[in-house]
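Notes for the structure review
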Amino acid sequence: MDLEFDVVEFEATDHVAEGEAAPAFTRPLVNDEYWEDVPLAALLEEPPVVLVFHPMDGSFPATYVWNEIADREWHESATVVGVSISTPYAHKRLIESEGLEAYRLYSDPSNEIAREYGVAHDLDGMAGIEEPRPAVFVLDGEGVVEDAWVATEWPEFPEYDEIEAAIESL
């Protein structure tokens, strides 16, 4: 079965860049057992921190990205968390269905975090609905962005090898 996708170019974005401070936030952070409000600052105590912005849970891109990250075992050398508009319930289902127990996912249904990071994307044909475009930010213990990858089209997937090199350099 061949999958075909229409490539959609994203508009240019003024996203958080390398050398800039990552915007602070607090949202429900979901793991395989429960969720609780956790500030980003709490995660910075165990650097590096990798923020993975992804589309809604259950979408092919979200599943593909998380399976690749799990296969590469980024959790062995970084605190890796996702950010999506999906609810805590949807995050728990994704964690369970894909075996992502080593990872936690922030629930941000308002997409406010993506807007603060400059990676919000209006979904085509859905008035008032947006989600994060795929993006990965590697943060040091001070919350400074050491590496930033942001998709320029859909579907587009992270530069995994480059992100791994950034993680290992910290």
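To be clear, the structure that these remarks concern was listed above.
All of the points below concern the structure found in this document.

Conventions used here
Residues numbered from 1 in each chain as written. Predicted model: local features only at pLDDT ≥ 70, side-chain atom pairs only at ≥ 80, totals over all residues. Heavy atoms only, no water. Buried < 20%, exposed > 50% of the residue type's maximum accessible area, 1.4 Å probe, protein only. Helix = DSSP H or I, 4+ residues; strand = E, 2+ residues; numbered from the N terminus. Contact = heavy atoms within 4.5 Å. Pairing = 2+ DSSP bridges. Axes fitted to C-alpha atoms, helices over the stretch in contact; angles between N-to-C directions.

**A few points about helix α3 (residues 88-98)**
Looking only at α3, the buried set comprises P88, A90, H91, K92, L94 and I95. Contacts made by the buried residues of α3 are with β2 (26-30), β3 (35-39), α2 (60-72), β5 (79-84) and β6 (104-107). Following α3 by one or two positions, G99 adopts a phi angle in the positive range, close to 65°.

**Let's talk about the sheet that holds strand β10 (residues 145-150)**
In spatial order, the strands read β3-β2-β6-β5-β4-β9-β10; together these seven strands make up an open sheet with mixed pairing. Two strands lie at the open edges of the sheet, namely β3 and β10, each paired on one side alone. For this sheet, the mean inter-axis angle between neighbouring strands, taken without regard to orientation, is 25°. For β2 and β6, the ladder comprises two bridges, and the chain directions are antiparallel. Bridging from a neighbouring strand, V30 pairs with L105 of β6. Of the strands in this sheet, β4 (49-53), β5 and β6 touch α2, which is tilted by about 175° from β5. In the packing of α3 onto the sheet, contacts are made with β2, β3, β5 and β6, and the angle to β6 comes to roughly 160°.

**Examining the pairing of β3**
Along any regular strand, the residues point their side chains to alternate faces of the sheet. Direction of pairing for β2 relative to β3: antiparallel, over a ladder of five bridges. Across the sheet, P28 pairs through a bridge with D37, a residue of β3. In sequence, β2 turns back onto β3 through a hairpin of four residues.

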